[in-house]
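Residue-level listing of the chains:
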Amino acid sequence: MILVVDDDEGARTTYEHWLKGEGLDVRSVEDGRAALNVLENTPTATVLLDLFMPGMEGIETLRAIKRDHPGSRVVVMSGLRYAGSDMLKAAMALGADGALEKPFSLNQLLGIIHGMPLPAQAGAVVAPL
Amino acid sequence: MTPSHGTRLQQYAPFLEALDGIVYVTNFDGDFLACGTRHWKEFATNNGAPHLTGPIALNTLRSCSDSETAQAYAIIYDAFRTGKLDSYHFGLRCDTPSLKRELRMSLTILVLDGQRAGIIHHCFILAETERPFVRLLENPLAAEAGKSMIRMCSYCLRIKQELVDVWIEPEAYYRAGGGSDVSISHGICPDCHNRVVAPVLRLN
(Lines give C-alpha, C1' and ligand atoms only; values in the text may rest on other atoms or scores of the structure.)
Protein backbone atom coordinates (compact mmCIF):
# COMPACT_ATOMS: atom_id res chain seq x y z
CA MET A 1 0.00 0.00 0.00
CA ILE A 2 1.02 3.60 -0.59
CA LEU A 3 0.11 6.10 2.10
CA VAL A 4 -0.21 9.76 1.09
CA VAL A 5 0.32 12.24 3.94
CA ASP A 6 -0.55 15.82 3.03
CA ASP A 7 -2.53 18.49 4.85
CA ASP A 8 -3.91 19.85 1.59
CA GLU A 9 -7.09 18.04 0.60
CA GLY A 10 -6.67 18.88 -3.06
CA ALA A 11 -3.18 17.43 -3.10
CA ARG A 12 -4.38 14.24 -1.43
CA THR A 13 -7.19 13.91 -3.96
CA THR A 14 -4.77 14.42 -6.85
CA TYR A 15 -2.17 11.90 -5.72
CA GLU A 16 -4.83 9.34 -4.80
CA HIS A 17 -6.48 9.76 -8.18
CA TRP A 18 -3.16 9.37 -10.00
CA LEU A 19 -2.00 6.29 -8.11
CA LYS A 20 -5.36 4.51 -8.06
CA GLY A 21 -5.49 5.10 -11.81
CA GLU A 22 -2.29 3.07 -12.02
CA GLY A 23 -3.95 0.22 -10.14
CA LEU A 24 -2.06 0.88 -6.90
CA ASP A 25 -3.52 0.48 -3.43
CA VAL A 26 -3.60 3.97 -1.91
CA ARG A 27 -4.80 5.61 1.28
CA SER A 28 -4.38 9.19 2.37
CA VAL A 29 -4.34 11.07 5.65
CA GLU A 30 -3.93 14.72 6.55
CA ASP A 31 -1.20 14.72 9.18
CA GLY A 32 1.70 12.84 10.70
CA ARG A 33 -0.16 11.46 13.68
CA ALA A 34 -2.83 9.91 11.47
CA ALA A 35 -0.06 8.47 9.30
CA LEU A 36 1.58 6.76 12.26
CA ASN A 37 -1.78 5.31 13.29
CA VAL A 38 -2.20 3.78 9.84
CA LEU A 39 1.35 2.43 9.86
CA GLU A 40 0.71 0.73 13.22
CA ASN A 41 -2.12 -1.29 11.74
CA THR A 42 -1.47 -1.64 8.02
CA PRO A 43 1.62 -2.91 6.17
CA THR A 44 2.75 0.05 4.09
CA ALA A 45 5.38 -0.19 1.39
CA THR A 46 5.69 3.51 0.65
CA VAL A 47 4.79 6.73 2.42
CA LEU A 48 4.45 9.86 0.30
CA LEU A 49 5.06 12.54 2.90
CA ASP A 50 4.57 16.31 2.63
CA LEU A 51 7.16 18.15 4.70
CA PHE A 52 5.14 21.28 5.49
CA MET A 53 2.12 20.43 7.61
CA PRO A 54 0.63 21.97 10.71
CA GLY A 55 0.77 19.93 13.91
CA MET A 56 3.20 17.05 13.58
CA GLU A 57 5.39 18.30 10.74
CA GLY A 58 6.99 16.21 8.02
CA ILE A 59 10.51 15.97 9.43
CA GLU A 60 9.19 14.84 12.80
CA THR A 61 6.96 12.30 11.07
CA LEU A 62 9.87 11.07 8.95
CA ARG A 63 11.97 10.48 12.06
CA ALA A 64 9.16 8.52 13.70
CA ILE A 65 8.56 6.36 10.62
CA LYS A 66 12.25 5.58 10.21
CA ARG A 67 12.51 4.70 13.89
CA ASP A 68 9.34 2.63 14.27
CA HIS A 69 8.64 1.35 10.74
CA PRO A 70 11.99 0.82 9.02
CA GLY A 71 10.39 -1.45 6.42
CA SER A 72 8.42 1.42 4.92
CA ARG A 73 10.02 3.61 2.29
CA VAL A 74 9.45 7.34 2.60
CA VAL A 75 9.29 9.78 -0.31
CA VAL A 76 9.26 13.36 0.92
CA MET A 77 7.59 16.21 -0.97
CA SER A 78 7.96 19.94 -0.69
CA GLY A 79 7.13 23.10 -2.58
CA LEU A 80 9.53 25.59 -4.02
CA ARG A 81 8.99 28.38 -1.53
CA TYR A 82 10.08 28.71 2.06
CA ALA A 83 13.37 26.85 1.62
CA GLY A 84 11.65 23.76 0.25
CA SER A 85 14.81 22.43 -1.41
CA ASP A 86 16.77 22.76 1.80
CA MET A 87 14.06 20.85 3.63
CA LEU A 88 14.19 18.06 1.07
CA LYS A 89 17.96 17.80 1.43
CA ALA A 90 17.62 17.70 5.20
CA ALA A 91 15.01 14.95 4.90
CA MET A 92 17.26 12.90 2.63
CA ALA A 93 20.05 13.25 5.17
CA LEU A 94 17.65 11.92 7.79
CA GLY A 95 16.96 8.78 5.79
CA ALA A 96 14.20 9.60 3.34
CA ASP A 97 14.31 7.20 0.40
CA GLY A 98 13.34 9.70 -2.25
CA ALA A 99 12.37 13.33 -2.73
CA LEU A 100 9.99 15.20 -5.00
CA GLU A 101 9.83 18.92 -5.48
CA LYS A 102 6.28 20.17 -6.10
CA PRO A 103 4.94 20.53 -8.67
CA PHE A 104 5.68 17.12 -10.13
CA SER A 105 4.02 14.97 -12.76
CA LEU A 106 2.48 11.53 -12.48
CA ASN A 107 5.40 10.15 -14.48
CA GLN A 108 7.91 11.66 -12.04
CA LEU A 109 5.97 10.21 -9.12
CA LEU A 110 5.78 6.75 -10.67
CA GLY A 111 9.43 6.94 -11.65
CA ILE A 112 10.52 7.50 -8.09
CA ILE A 113 8.14 4.91 -6.61
CA HIS A 114 9.08 2.20 -9.08
CA GLY A 115 12.76 3.16 -9.04
CA MET A 116 13.19 2.76 -5.30
CA PRO A 117 14.75 -0.31 -3.77
CA LEU A 118 12.56 -2.83 -1.99
CA PRO A 119 11.60 -2.07 1.62
CA ALA A 120 14.32 -4.41 2.92
CA GLN A 121 16.86 -2.12 1.28
CA ALA A 122 15.17 1.08 2.39
CA GLY A 123 17.53 3.84 3.35
CA ALA A 124 19.34 4.12 0.05
CA VAL A 125 19.25 7.54 -1.51
CA VAL A 126 17.62 7.18 -4.89
CA ALA A 127 16.92 10.79 -5.76
CA PRO A 128 19.82 12.97 -4.67
CA LEU A 129 18.95 16.63 -5.00
CA MET B 1 9.16 24.83 -29.09
CA THR B 2 11.86 25.22 -31.71
CA PRO B 3 14.00 28.32 -32.50
CA SER B 4 11.87 28.93 -35.58
CA HIS B 5 8.81 28.85 -33.35
CA GLY B 6 10.40 31.62 -31.29
CA THR B 7 10.69 33.75 -34.39
CA ARG B 8 7.17 32.90 -35.44
CA LEU B 9 5.92 33.77 -31.97
CA GLN B 10 7.25 37.31 -32.36
CA GLN B 11 4.74 37.75 -35.17
CA TYR B 12 2.00 37.24 -32.61
CA ALA B 13 3.15 40.21 -30.54
CA PRO B 14 0.73 42.74 -32.09
CA PHE B 15 -2.11 40.25 -31.64
CA LEU B 16 -1.24 39.72 -27.96
CA GLU B 17 -0.90 43.47 -27.51
CA ALA B 18 -4.28 44.19 -29.05
CA LEU B 19 -6.32 41.84 -26.86
CA ASP B 20 -8.07 43.21 -23.82
CA GLY B 21 -6.91 41.82 -20.52
CA ILE B 22 -3.61 40.23 -19.63
CA VAL B 23 -2.31 37.91 -22.30
CA TYR B 24 0.82 35.82 -22.21
CA VAL B 25 2.19 32.66 -23.71
CA THR B 26 4.11 29.96 -21.88
CA ASN B 27 5.54 26.63 -22.84
CA PHE B 28 4.18 23.50 -21.14
CA ASP B 29 6.67 23.90 -18.28
CA GLY B 30 5.40 27.38 -17.47
CA ASP B 31 8.29 29.38 -18.96
CA PHE B 32 7.17 32.72 -20.40
CA LEU B 33 7.56 32.96 -24.16
CA ALA B 34 5.71 36.18 -24.97
CA CYS B 35 3.16 38.59 -23.57
CA GLY B 36 1.02 41.60 -24.34
CA THR B 37 3.11 44.11 -22.43
CA ARG B 38 0.67 47.02 -22.24
CA HIS B 39 -1.98 45.43 -20.03
CA TRP B 40 0.60 43.35 -18.17
CA LYS B 41 2.48 46.49 -17.09
CA GLU B 42 -0.73 48.27 -16.17
CA PHE B 43 -1.89 45.39 -14.02
CA ALA B 44 1.50 44.91 -12.34
CA THR B 45 1.85 48.62 -11.56
CA ASN B 46 -1.71 48.92 -10.24
CA ASN B 47 -1.15 45.94 -7.96
CA GLY B 48 2.06 47.00 -6.30
CA ALA B 49 4.38 44.82 -8.36
CA PRO B 50 6.22 47.32 -10.57
CA HIS B 51 9.24 45.02 -10.57
CA LEU B 52 7.25 42.76 -12.88
CA THR B 53 7.07 45.42 -15.57
CA GLY B 54 10.65 44.91 -16.72
CA PRO B 55 11.99 42.21 -19.01
CA ILE B 56 9.83 39.20 -18.45
CA ALA B 57 11.76 36.13 -17.42
CA LEU B 58 9.19 34.39 -15.32
CA ASN B 59 7.92 30.91 -14.87
CA THR B 60 4.26 30.66 -13.94
CA LEU B 61 4.74 27.52 -11.84
CA ARG B 62 7.54 29.10 -9.83
CA SER B 63 5.54 32.32 -9.45
CA CYS B 64 2.62 30.59 -7.74
CA SER B 65 1.99 31.50 -4.13
CA ASP B 66 2.11 27.86 -3.05
CA SER B 67 3.02 24.40 -4.21
CA GLU B 68 -0.58 23.17 -4.46
CA THR B 69 -1.49 25.91 -6.91
CA ALA B 70 1.67 25.19 -8.87
CA GLN B 71 0.76 21.50 -8.86
CA ALA B 72 -2.70 22.33 -10.21
CA TYR B 73 -1.26 24.42 -13.06
CA ALA B 74 1.29 21.67 -13.81
CA ILE B 75 -1.56 19.15 -14.16
CA ILE B 76 -3.44 21.47 -16.52
CA TYR B 77 -0.29 22.23 -18.55
CA ASP B 78 0.46 18.53 -18.87
CA ALA B 79 -3.02 17.95 -20.29
CA PHE B 80 -2.27 20.59 -22.93
CA ARG B 81 1.14 19.04 -23.62
CA THR B 82 -0.35 15.59 -24.19
CA GLY B 83 -3.29 16.77 -26.31
CA LYS B 84 -5.99 16.05 -23.74
CA LEU B 85 -6.89 19.73 -23.67
CA ASP B 86 -7.01 22.37 -26.38
CA SER B 87 -8.77 25.00 -24.31
CA TYR B 88 -9.73 25.44 -20.68
CA HIS B 89 -11.10 28.23 -18.55
CA PHE B 90 -11.90 28.89 -14.94
CA GLY B 91 -12.67 31.74 -12.58
CA LEU B 92 -10.36 32.96 -9.86
CA ARG B 93 -10.00 35.87 -7.47
CA CYS B 94 -7.18 38.39 -7.53
CA ASP B 95 -8.10 40.84 -4.79
CA THR B 96 -6.28 43.78 -3.37
CA PRO B 97 -6.94 44.58 0.30
CA SER B 98 -9.61 47.12 -0.67
CA LEU B 99 -10.86 45.62 -3.92
CA LYS B 100 -12.72 42.40 -4.52
CA ARG B 101 -11.79 41.31 -8.02
CA GLU B 102 -13.11 38.36 -10.01
CA LEU B 103 -11.05 37.18 -12.96
CA ARG B 104 -11.55 34.68 -15.71
CA MET B 105 -8.56 32.72 -16.99
CA SER B 106 -8.83 31.23 -20.45
CA LEU B 107 -6.12 28.88 -21.70
CA THR B 108 -5.81 27.98 -25.37
CA ILE B 109 -3.32 25.78 -27.16
CA LEU B 110 -0.84 27.56 -29.44
CA VAL B 111 -0.05 25.52 -32.53
CA LEU B 112 2.90 26.52 -34.71
CA ASP B 113 3.90 24.61 -37.84
CA GLY B 114 1.45 21.91 -36.90
CA GLN B 115 3.08 21.32 -33.51
CA ARG B 116 1.74 22.05 -30.04
CA ALA B 117 4.06 24.90 -29.10
CA GLY B 118 2.63 26.48 -25.97
CA ILE B 119 -0.37 27.82 -24.11
CA ILE B 120 -1.98 31.22 -24.57
CA HIS B 121 -3.17 32.59 -21.22
CA HIS B 122 -5.89 35.22 -21.47
CA CYS B 123 -6.89 36.69 -18.14
CA PHE B 124 -9.47 39.43 -17.81
CA ILE B 125 -11.39 41.11 -15.04
CA LEU B 126 -15.06 40.19 -14.80
CA ALA B 127 -15.97 42.35 -11.82
CA GLU B 128 -14.37 44.72 -9.32
CA THR B 129 -16.06 45.77 -6.11
CA GLU B 130 -14.72 48.14 -3.48
CA ARG B 131 -14.89 46.98 0.12
CA PRO B 132 -13.48 47.82 3.55
CA PHE B 133 -9.74 47.20 3.81
CA VAL B 134 -8.83 43.55 4.44
CA ARG B 135 -5.40 43.57 6.06
CA LEU B 136 -5.03 39.83 5.62
CA LEU B 137 -4.60 40.38 1.87
CA GLU B 138 -2.01 43.11 2.23
CA ASN B 139 0.95 40.75 1.93
CA PRO B 140 -0.42 37.35 1.04
CA LEU B 141 3.01 35.75 0.77
CA ALA B 142 4.00 36.56 4.32
CA ALA B 143 4.56 33.51 6.49
CA GLU B 144 6.33 33.63 9.79
CA ALA B 145 7.29 30.86 12.13
CA GLY B 146 5.63 30.92 15.53
CA LYS B 147 2.37 32.46 14.36
CA SER B 148 -0.83 30.48 14.19
CA MET B 149 -1.54 29.28 10.69
CA ILE B 150 -4.67 29.74 8.62
CA ARG B 151 -5.41 28.19 5.25
CA MET B 152 -6.41 30.33 2.28
CA CYS B 153 -7.53 29.08 -1.10
CA SER B 154 -5.38 30.57 -3.87
CA TYR B 155 -8.28 30.48 -6.33
CA CYS B 156 -11.23 31.88 -4.35
CA LEU B 157 -9.28 33.45 -1.43
CA ARG B 158 -11.66 31.92 1.08
CA ILE B 159 -10.26 30.98 4.46
CA LYS B 160 -10.83 27.70 6.23
CA GLN B 161 -12.45 27.71 9.63
CA GLU B 162 -10.71 24.64 10.95
CA LEU B 163 -13.06 23.83 13.80
CA VAL B 164 -16.16 23.64 11.63
CA ASP B 165 -14.42 22.71 8.36
CA VAL B 166 -16.03 25.56 6.43
CA TRP B 167 -14.39 27.97 3.95
CA ILE B 168 -15.45 31.62 4.33
CA GLU B 169 -14.77 34.95 2.59
CA PRO B 170 -11.95 37.11 4.00
CA GLU B 171 -14.45 39.69 5.21
CA ALA B 172 -16.43 36.99 7.02
CA TYR B 173 -13.20 35.75 8.60
CA TYR B 174 -12.92 39.04 10.50
CA ARG B 175 -16.59 39.04 11.41
CA ALA B 176 -16.04 35.54 12.83
CA GLY B 177 -13.37 36.93 15.13
CA GLY B 178 -10.27 36.15 13.09
CA GLY B 179 -7.20 38.36 13.37
CA SER B 180 -4.43 39.46 11.04
CA ASP B 181 -1.44 38.37 13.10
CA VAL B 182 -1.34 34.95 11.49
CA SER B 183 0.71 32.98 9.04
CA ILE B 184 -1.09 32.08 5.81
CA SER B 185 -0.79 28.67 4.22
CA HIS B 186 -2.09 28.82 0.65
CA GLY B 187 -3.62 25.85 -1.08
CA ILE B 188 -6.78 24.87 -2.92
CA CYS B 189 -10.13 24.45 -1.22
CA PRO B 190 -12.22 21.38 -2.10
CA ASP B 191 -14.71 23.44 -4.12
CA CYS B 192 -11.99 24.95 -6.31
CA HIS B 193 -10.23 21.61 -6.63
CA ASN B 194 -13.48 20.09 -7.90
CA ARG B 195 -14.07 23.05 -10.20
CA VAL B 196 -10.57 23.57 -11.62
CA VAL B 197 -8.41 20.47 -11.14
CA ALA B 198 -10.73 17.46 -10.95
CA PRO B 199 -12.15 17.86 -14.48
CA VAL B 200 -8.59 17.71 -15.85
CA LEU B 201 -7.67 14.71 -13.70
CA ARG B 202 -10.70 12.90 -15.07
CA LEU B 203 -9.37 13.30 -18.63
CA ASN B 204 -6.73 10.66 -17.90
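Note: the structure precedes this text.
Conventions used here
Residues numbered from 1 in each chain as written. Chains lettered and ligands numbered in written order. Predicted model: local features only at pLDDT ≥ 70, side-chain atom pairs only at ≥ 80, totals over all residues. Heavy atoms only, no water. Phe/Tyr/Trp six-rings, centres within 6.5 Å; stacked < 30°, edge-to-face > 60°. Helix = DSSP H or I, 4+ residues; strand = E, 2+ residues; numbered from the N terminus. Buried < 20%, exposed > 50% of the residue type's maximum accessible area, 1.4 Å probe, protein only. Patch = residues over 30% accessible without salt bridge, like charges linked within 9 Å, V, L, I, M, F, W, Y side chains within 5 Å. Areas by Shrake-Rupley, 256 points an atom, 1.4 Å probe, with all protein chains shown as cover. Salt bridge = Lys/Arg side-chain N within 4 Å of Asp/Glu carboxyl O. Pairing = 2+ DSSP bridges. Axes fitted to C-alpha atoms, helices over the stretch in contact; angles between N-to-C directions. Contact = heavy atoms within 4.5 Å. Parallel < 35°, antiparallel > 145°, perpendicular 65-115°, else oblique. Left-handed = near helix turned anticlockwise from the far one by under 90°. Nonpolar A, V, L, I, M, F, W, Y, C, P; charged D, E, K, R; others polar.

Student: So what exactly am I meant to see when it comes to the packing of aromatic side chains here?
Tutor: The geometry of an aromatic ring pair is captured by the separation of the ring centres together with the interplanar angle, meaning the angle of the planes. All names here are of chain B. Taken as a whole and judged by the stated rule, the model has 10 aromatic pairs over all chains. Their ring planes at 65° and their centres at 5.8 Å tell us that F90 and Y155 sit as a pair that is edge-to-face. Here the residue F90 occupies a position in strand β3 (residues 87-93), and Y155 occupies one in the loop between β6 (149-153) and β7 (159-161), the gap between them amounting to 65 residues. The same class applies to F90 and to Y155, which are both buried.

Student: Help me out: how do you make sense of a nonpolar patch on the surface in this one?
Tutor: Residue and element names in this part refer to chain B. Together, L163, V164 and V166 give the surface a local cluster of nonpolar side chains, amounting to about 330 Å² of exposed area. With respect to the helices, strands and loops of the structure, V166 is situated in strand β8 (residues 166-168). A residue is classified by how much of its surface remains accessible, and V166, at 37% relative accessible area, is partly exposed.

Student: Sorry, what's going on with the pairing of β6 of chain B here?
Tutor: Side chains on a regular strand alternate between the two faces of the sheet. All names here are of chain B. Where burial is concerned, most of β6 is hidden: four out of the five residues are buried. Taken together, the five bridges between β6 and strand β9 (residues 183-187) define a ladder with parallel strand orientation. By the bridge assignment for β9, C153 is matched with G187.

Student: Got a minute to help me understand the sheet that holds strand β2 (residues 32-35) of chain B in this structure?
Tutor: Sheets are built from strands that pair by backbone hydrogen bonding, the pairs being arranged parallel or antiparallel. Residue and element names in this part refer to chain B. Here we have five strands laid out as an open sheet, ordered β2-β1-β5-β4-β3, and antiparallel in their pairing. Two strands close off the open sheet at either side, each with one partner strand: β2 and β3. For this sheet, the mean angle separating the axes of adjacent strands, direction not counted, is 20°. Relative to strand β5 (residues 115-130), strand β1 (residues 22-26) runs antiparallel, the two being bridged by five bridges. The residue bridging V23 from the neighbouring strand is H122, located in β5. Sheet contacts for helix α3 (residues 37-46): β1, β2, β4 (99-112) and β5; angle to β1, the most-contacted strand, approximately 110°.

Student: In this structure, what is going on with the packing of helix α5 (residues 67-81) of chain B against helix α7 (residues 190-201) of chain B? I would like to understand it.
Tutor: Two packed helices can be described by the angle between their axes and the distance between those axes. All names here are of chain B. Contact geometry of α5 with α7 gives a least axis separation of 10 Å together with a crossing angle of 40°. Accordingly, the angle class assigned to the pair α5 and α7 is oblique. Seen from above, α5 lies across α7 with left-handed handedness. Seen from α5, the contacting residues are A72, I75, I76 and A79; seen from α7, they are V196, V197, V200 and L201. Broken down by class, the residue content of the contact of α5 with α7 amounts to eight nonpolar, no polar and no charged.

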